[in-house]
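Take a look at the letters that make up each chain.
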Amino acid sequence: DTGNAALLAGDLVQDRDTVETLTIQRWEDVDTVLSGEITITADGPVALEVDGTMTLTNLIADGDIRLTSTNGIVDANTGVSDALITGDNLNLSVTSGSVGTAEQKLLVALTNAARISASASASIYLAETQNSLTIGTVLAGGSAVLYSPYSFIDALNSNQNNIVAGTINLHAEVSVGSDTQPF
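Residues numbered from 1 in each chain as written. Predicted model: local features only at pLDDT ≥ 70, side-chain atom pairs only at ≥ 80, totals over all residues. Heavy atoms only, no water.

1. With respect to the side chain of S98
The line we're drawing: The way it works is that DSSP assigns letters per residue, a run of H or I at least four long becomes a helix, a run of E at least two long becomes a strand, and they are numbered from the N terminus. Whenever a nitrogen or oxygen atom comes within 3.5 Å of another N or O atom, the pair is scored as a polar contact, on the condition that within protein one atom can donate a hydrogen and the other can accept it, and that pairs from neighbouring residues in sequence are kept only if both atoms are in side chains. Contacts are assigned to residue pairs that have any heavy atoms within 4.5 Å of one another.
For S98, the location among the structural elements is in strand β9 (residues 98-99). Here S123 takes part through its backbone nitrogen, which lies 3.1 Å from a polar atom of the side chain of S98. Discounting residues that sit within four places of it in the chain, S98 has contacts with N71, G72, I73, A120, A122 and S123.

Next up, the structure:
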């Protein structure tokens, strides 16, 4: 918007075109080579990198979660509806493979308003089990198939694309975006 407006002390002014502050968060992850399954319980954040396929049986964190894998991130528990990953903001990265599978989506239960970002060279199959799914950026070389028991919310709050994929399938019980914040 342009023009003049009266401001009072303490009013916030939003300028989406100018960066005035930039905070960089540096993560130091645990690097592993994994040939079996992994279970993680942490009283804080989790940062894990696996050379190979990351096969999770359960991951519970009291903080943000960052998972990186060279060949894929999959759920070891087939045919279940309980969340595999529980925590705050979630960042998933797969350099050569998929997040979840068409047969067994990666099930997550993130805290309310926690953000998810994911990238995979192949496809992303992901479902939130308890809350609306707040999407940062999802990049998939193949399909992005996402489920929410409530709504999909734009975490970027901008005109940037939240999801870039060959095929996008969104399944929401309530809504995708809103009148004031389109997705």
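2. Notes on the environment of H171
Within the fold, H171 resides in strand β17 (residues 167-172). Separated by 44 residues in the primary sequence, H171 and A127 place their C-alpha atoms 9.1 Å from one another. If we ignore the near neighbours within four places in the chain, the residues touching H171 are V145, L146, Y147, S148 and F152.

3. So, the environment of T70
Note the following rule: In this scheme, a residue with accessible area under 20% of its type's maximum is buried, one over 50% is exposed, and one in between is partly exposed, where area comes from a 1.4 Å probe on protein chains only.
Mapped onto the secondary structure, T70 falls in the loop between β5 (65-69) and β6 (72-75). Look at T70 and you get partly exposed, because its relative accessible area is 24%. Setting aside residues up to four positions removed in sequence, T70 forms contacts with V50, D51, G52, V94, T95, S96 and G97. Looking at T70, its side chain comes within polar contact range of the side chain of D51, at 3.4 Å.

4. Structural notes on the confidence of the model for the protein
As a general rule, the predicted coordinates of low-pLDDT regions are not to be interpreted in detail. Stated formally: The pLDDT value expresses, per residue, how confident the predictor is, ranging between 0 and 100.
Taken as a whole, the protein shows an average pLDDT of 87; of its residues, 85% reach a score of 70 or greater. Ranking the elements of the protein by mean pLDDT puts strand β1 (residues 30-33) last, at 69, and β9 first, at 98.

5. Things to note about the nonpolar core
Defined as follows: We call a set of buried residues a nonpolar core when its members are Ala, Val, Leu, Ile, Met, Phe, Trp, Tyr or Cys and they connect through side-chain atoms within 4.5 Å of each other.
Core analysis: the biggest nonpolar cluster contains 37 residues, and L67, I85 and L92 have the highest contact counts within it. In this structure, I85 is in contact with L56, L59, I65, L67, L90, L106, L107, V108 and A109, ignoring residues within four places of it in sequence.

6. Re unusual backbone geometry
Despite not being glycine, A113 has its phi angle at roughly 75 degrees, a positive value. Relative to the helices and strands, A113 is located in the loop between β10 (106-110) and β11 (115-120).

7. Considerations on the pairing of β10
The side chains of a regular strand alternate, first on one face of the sheet and then on the other. Worth spelling out the cut-off: Paired strands, in this sense, are two strands between which DSSP finds at least two bridges.
The buried count for β10 comes to five of five residues, which makes it a mostly enclosed element. Residue alternation in β10 divides its side chains into two sets, L106, V108 and L110 and L107 and A109, and both sets are buried. The pairing of strand β7 (residues 85-87) with β10 spans three bridges and is classified as parallel. Bridge pairing links G87 to L110 in β10. With three bridges connecting them, β10 and strand β12 (residues 124-128) associate as parallel partners. Bridged to V108 within β12 is E128.

8. Describing the environment of Y125
If you trace the backbone, Y125 turns up in strand β12. Here Y125 falls in the buried class, since its relative accessible area comes to 17%. As a C-alpha pair, Y125 and L146 span 21 residues in sequence and 6.1 Å in three-dimensional space. Not counting residues up to four positions away in its chain, the partners in contact with Y125 are V99, G100, T101, A102, K105, L106 and V145.

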